[in-house]
Amino acid sequence: MFENKFDVIVVGGGHAGCEAAAAAANLGSKTLLITMNLQTLGQMSCNPAMGGIAKGQIVREIDALGGYSGIVSDKSAIQFKMLNQSKGPAMWSPRVQSDRQMFSQEWRQMLEKTKNLDFYQEMVTDVIVKNNKICGVKTSLGIKIYSKTVILTNGTFLNGKIHIGEKNFQGGRAGEKSSVGLTSSLLNLGFISGRMKTGTPPRVDGRSLDYNKMEEQPGDIKPSKFSFSNQTKPLKSQISCHMTHTNNLSHEILREGFDRSPMFNGNIESIGPRYCPSIEDKINRFSDKSSHQIFVEPEGWNTIEVYVNGFSTSLPEEIQFKALRSIVGFKNVKLFRPGYAIEYDFFQPTQLYNTLETKLITGLYFAGQINGTTGYEEAAAQGLIAGINASLKIKRKDPFILRRDQAYIGVLIDDLILKGTDEPYRMFTSRAEYRTLLRQDNADKRLSPMGYKLGLISSQRMKTLDNKIKKTKSVKEYLYSTSFDMKSANYLLSSLDEVPVKQTDKFSKLLARPNIKRKDIKNLNPLKKYLIKEKISDEILEQAEIDIKYSGYIEKEKRNVEKLIRLRNIKIPEKFNFNELSSLSFEAKEKLNKIRPQTLDQASRISGIKPSDISVLLVSMGR
């Protein structure tokens, strides 16, 4: 069946696998996507949503590079929200509520339309390696499929074990078997693995809920979208989510099951996500709180199934049901399926280069939860980077690496390969020291030229981007050079309780005020006439506003980036002997030998490496 050798084999059809397969195939590599179930390509295993704090920035970056996640999210969205709008633009984060079934269907349709991409349904149990170089994979039926590169994106399926109360059974997720054999294969090659835990809440019958007793959570009045391309359009209609809360009675009922909770009785020993704890973990850790938020999220346009966000649990199903019925609006709830916890194998990401290729085996790449991350968005980003680099390696081209100052994706991978993780890694805006530069609104400006150079972005999209950049520059020049009418400006300022101006000045000075927004000044003449005449969209005006209002912060971050270029350009020889440097501490030697940073810039970010250690390295290399 597989007489010809593939360029790239992608194992796993989740978010990482889908992006990896699409990227490699679109770059011209003959690609095979192998998954245990072709009916669940791009499946949303947990919450039916994409984006959110920092995660929305990642989806925008994936789209800007030519990935598919943004387009799929837009086409399957039932609600759009821009989070954190009360804060500065570096914190704004887009999020969509998704139709779970449509999301998976859209992914499959996009992949099936992708040239150079084949599919096969089977379990991969082994990798074929010769002289520390990947040669292909072996399936549970004993079939050997050969390839120049292999990308493993196994999600939670590697020796997955599901827990509900005192019951546990093998499974990659509810209703699907786990993947067995591959972990042993990798351990025999010398890889270091560990166990992690994640969980999911119960799903319920939306007809049994009383939404009148909950707080409605509608989408944005003027919804935007994820993709910068013209393949999608903003939603014209949306479905509301709702919010309610647990209470003291809920907590008492949940505590009744603690002695049978796998989290507390020793059945689960692995560590779960710190920032997405189970409801029993919340009650245990925050015992002083009498309630916790519950977000009631519809699963799609044409289904009555509802996702109970905030109620992730592995307690016995009867305890889950009883506790749910104590929540306001859930008095008559009907349970579709209980929540559960799942344990699975992962491999320390410090065993990877920043291309996501493994250090031990040439041509073998890891992406997604196999690297210890949690979340669709983090997985999809890794899949995209692995797919790109696998294809580039085959063509013997330079690898594609994003720096921390270029993208959240760069921060994600840099954190993983230099620091590793002992708990499921989740992206936050606080992890990015250059977040003013890495906004969701400018992801296309930052990354689409790179995507175009790779061959993932069309010339039409680049023309659209060039036009956006030119128009933004023109609007900024106008605001910096054109004066406002003092009388009308003071009328505006007084209505906003702002200090009036004593003389006329440029529009940029008005806009630089913290409490003055573009919507406030866009009706002032002559700006109003200019915007109409030049047909300036609100998106362009927003870009100009951000650049003007936050110019000081943006320039400061750019200067900080420039300071790091010196360290970034100093390469550490591949076989550099850190043990010969007597001035280095034992801890520094141990960590440098383990992670093997490629530059001094990377070395400086390893946990436990001090500035004095970097000075020693500088001196030793004649700098």
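Above: the structure in question.
The structure presented is a predicted model; accordingly, all values stated were derived computationally and were not measured. (Residues numbered from 1 in each chain as written. Predicted model: local features only at pLDDT ≥ 70, side-chain atom pairs only at ≥ 80, totals over all residues. Heavy atoms only, no water.)

Visitor: When you look at the overall build of the chain in this model, what are you seeing that I'm missing?
Guide: In terms of regular secondary structure, the chain is built from 21 helices and 20 strands. Its C-alpha atoms give the chain a radius of gyration of 26 Å, near enough to 25 Å, the size a compact globule of 623 residues would have. The dimensions of the chain, computed from C-alpha atoms along their principal axes, are 80 × 70 × 50 Å. The long-range share in the chain, meaning contacts at least 24 apart out of those at least 6 apart in sequence, stands at 72%. Taken as a whole, the chain presents about 27,600 Å² of accessible surface, with 49% of it coming from carbon and sulfur. (Helix = DSSP H or I, 4+ residues; strand = E, 2+ residues; numbered from the N terminus. Rg over C-alpha atoms; globule rule 2.2 N^0.38 Å. Contact = heavy atoms within 4.5 Å. Areas by Shrake-Rupley, 256 points an atom, 1.4 Å probe, with all protein chains shown as cover.)

Visitor: When you look at the state of the cysteines in this model, what are you seeing that I'm missing?
Guide: Every disulfide links exactly two cysteines, by a covalent bond between their sulfur atoms. In the structure shown here, the tally under the stated rule is zero disulfides. The structure places no disulfide on Cys-241, whose sulfur is separated from the nearest cysteine sulfur, that of Cys-46, by 14 Å. Judged by relative accessible area, which is 5%, Cys-241 ranks as buried. No disulfide involves Cys-276; its sulfur sits 6.5 Å from the nearest other cysteine sulfur, which is in Cys-46. Owing to a relative accessible area of 47%, Cys-276 belongs among the partly exposed residues under this scheme. (Disulfide = S-S within 2.5 Å. Buried < 20%, exposed > 50% of the residue type's maximum accessible area, 1.4 Å probe, protein only.)

Visitor: Would you mind showing me how to read helix 2 (residues 55–65) here?
Guide: The buried fraction of helix 2 amounts to 11 of the 11 residues, a majority that puts the element mostly inside the structure. Taken residue by residue, helix 2 has Lys-55, Gly-56, Gln-57, Ile-58, Val-59, Arg-60, Glu-61, Ile-62, Asp-63, Ala-64 and Leu-65 as its buried positions. Gly-66 sits one or two positions beyond helix 2 and adopts a positive phi of about 105 degrees.

Visitor: Would you take a moment to explain the sheet that holds strand 15 (residues 241–245) for this structure?
Guide: Within a sheet, adjacent strands bond to each other through the backbone by hydrogen bonds, running parallel or antiparallel. In spatial order, the strands read 14-15-16-17-13-18; together these six strands make up an open sheet with antiparallel pairing. Sheet topology places strand 14 (215–217) and strand 18 (335–337) at the edges, where each strand pairs with a single neighbour. The average undirected angle you get between the axes of adjacent strands in this sheet is 35 degrees. With three bridges connecting them, strand 13 (residues 203–205) and strand 17 (residues 305–309) associate as antiparallel partners. Looking at strand 17, one finds that Arg-203 is bridged to Tyr-307. (Pairing = 2+ DSSP bridges. Axes fitted to C-alpha atoms, helices over the stretch in contact; angles between N-to-C directions.)

Visitor: Just checking my understanding: could you explain unusual backbone geometry for this structure?
Guide: Phi is mostly negative for residues that are not glycine, and the peptide bonds are mostly trans. Cis geometry is found at the peptide bond from Asn-525 to Pro-526, where omega equals 5 degrees. Tracing the chain through its elements places Pro-526 in the loop between helix 15 (518–521) and helix 16 (527–533). A positive phi angle, close to 70 degrees, is found at Asn-116, a residue other than glycine. Considering the arrangement of structural elements, one finds Asn-116 in the loop between helix 4 (100–112) and strand 6 (117–121). In this structure, Arg-596 is a non-glycine residue whose phi angle is positive, near 50 degrees. Tracing the chain through its elements places Arg-596 in the loop between helix 19 (586–595) and helix 20 (600–604).

Visitor: Looking at this structure, how should I read the environment of Ile-304?
Guide: Mapped onto the elements of the fold, Ile-304 is located in the loop between strand 16 (293–298) and strand 17. In this structure, the C-alpha to C-alpha distance between Ile-304 and Arg-207, residues 97 residues apart in sequence, is 6.5 Å. Not counting chain neighbours up to four residues away, the residues in contact with Ile-304 comprise Val-204, Asp-205, Gly-206, Arg-207 and Phe-336.

Visitor: Looking at this model, I keep getting lost on empty space enclosed by the protein. Mind explaining?
Guide: In this approach a probe as big as a water molecule rolls over the atoms, and the regions it shows empty are the leftover space. All told, the structure shown has three cavities of 30 Å³ or more when counted by the stated rule. Of the volumes computed, that of the largest cavity is approximately 50 Å³. Here the lining of the largest cavity is built from residues that sort into six nonpolar, three polar and two charged. Reported here for the second largest cavity is a volume of approximately 40 Å³. Forming the boundary of the second largest cavity are Asp-74, Ala-77, Phe-80, Val-96, Ser-224, Lys-225, Lys-233, Pro-234 and Leu-235. Split by residue class, the lining of the second largest cavity holds five nonpolar, one polar and three charged. (1 Å grid on protein atoms, 1.4 Å probe; cavity = no way out; pocket = protein on both sides within 12 Å on 5 of 7 lines; lining within 4 Å. Points joined across faces, edges and corners; volume = space filled by probe spheres on them. Nonpolar A, V, L, I, M, F, W, Y, C, P; charged D, E, K, R; others polar.)

Visitor: Looking at this structure, I do not really get the side chain of Asp-613. What am I missing?
Guide: Within the secondary structure, Asp-613 sits in helix 21 (residues 611–620). The contacts of Asp-613, once residues within four sequence positions are left out, are Leu-584, Ser-585, Ala-588 and Gly-608.

Visitor: What is the right way to read the side chain of Ser-179 from this model?
Guide: Among the structural elements, Ser-179 can be located in the loop between strand 11 (167–170) and helix 5 (182–188). With residues up to four places along the chain from it excluded, the contact list for Ser-179 reads Met-36, Met-123, Val-124, Asn-154, Phe-157, Leu-158 and Asn-159.

Visitor: Sorry if this is basic, but what is going on with the pattern of salt bridges here?
Guide: Close approach of charged atoms allows side chains of opposite charge to pair. Summed over all chains, the structure comprises 42 salt bridges. The shortest N-O distance in the salt bridge between Lys-55 and Glu-378 comes to 2.9 Å. Of this pair, Lys-55 sits in helix 2 while Glu-378 sits in helix 9 (residues 376–394); the two residues are 323 residues apart in sequence, bridging distant segments of the chain. Of the residues examined, Lys-55 reaches a relative accessible area of 9% and is grouped as buried. The class of Glu-378 is buried, set by a relative accessible area of 0%. In this structure, the salt-bridge partner of Arg-274 is Glu-423, at a minimum N-O distance of 2.9 Å. Linking Arg-274 in the loop between helix 6 (248–256) and helix 7 (279–285) with Glu-423 in the loop between helix 10 (408–419) and helix 11 (443–454), this pair joins segments that are 149 residues apart in sequence. Residue class for Glu-423 comes out buried when judged on its relative accessible area of 15%. (Salt bridge = Lys/Arg side-chain N within 4 Å of Asp/Glu carboxyl O.)

Visitor: Just checking my understanding: could you explain the nonpolar core for this structure?
Guide: Nonpolar side chains in soluble globular proteins generally cluster together in the buried interior. Among the nonpolar cores identified, the biggest contains 118 residues, and Ile-409 and Leu-617 are the most heavily contacted of them. If you tally residues by element for this core, the top one is helix 9, at 10 residues. Residues contacting Ile-409, with those up to four places away along its chain left out, are Ile-58, Glu-61, Ile-62, Leu-65, Ala-381, Ile-385 and Leu-402. The next biggest cluster of nonpolar side chains, apart from the first, holds 22 residues, and it includes Val-475, Ile-516, Leu-531 and Leu-541. (Core = buried A, V, L, I, M, F, W, Y, C linked by side-chain atoms within 4.5 Å.)

Visitor: So what exactly am I meant to see when it comes to the sheet that holds strand 4 (residues 77–83) here?
Guide: Ordered in space as 3-5-4, the three strands form an open sheet in which the pairing is antiparallel. At either end of the open sheet lies a strand with only one pairing partner, and these are strand 3 (49–51) and strand 4. The sheet shows a mean angle of 15 degrees between the axes of neighbouring strands, taken without regard to direction.

Visitor: Just checking my understanding: could you explain the packing of helix 1 (residues 15–26) against helix 4 for this structure?
Guide: Any two packed helices are characterised by how steeply their axes cross, that is the angle between the axes, and by the distance between the axes. Their axes nearest at 11 Å, the elements helix 1 and helix 4 cross at an angle of 20 degrees. With respect to helix 4, the axis of helix 1 lies roughly parallel. Crossing angle aside, the handedness with which helix 1 passes helix 4 is left-handed. Residue-level contacts link His-15, Cys-18, Glu-19 and Ala-22 of helix 1 to Phe-103, Trp-107 and Leu-111 of helix 4. (Parallel < 35°, antiparallel > 145°, perpendicular 65-115°, else oblique. Left-handed = near helix turned anticlockwise from the far one by under 90°.)

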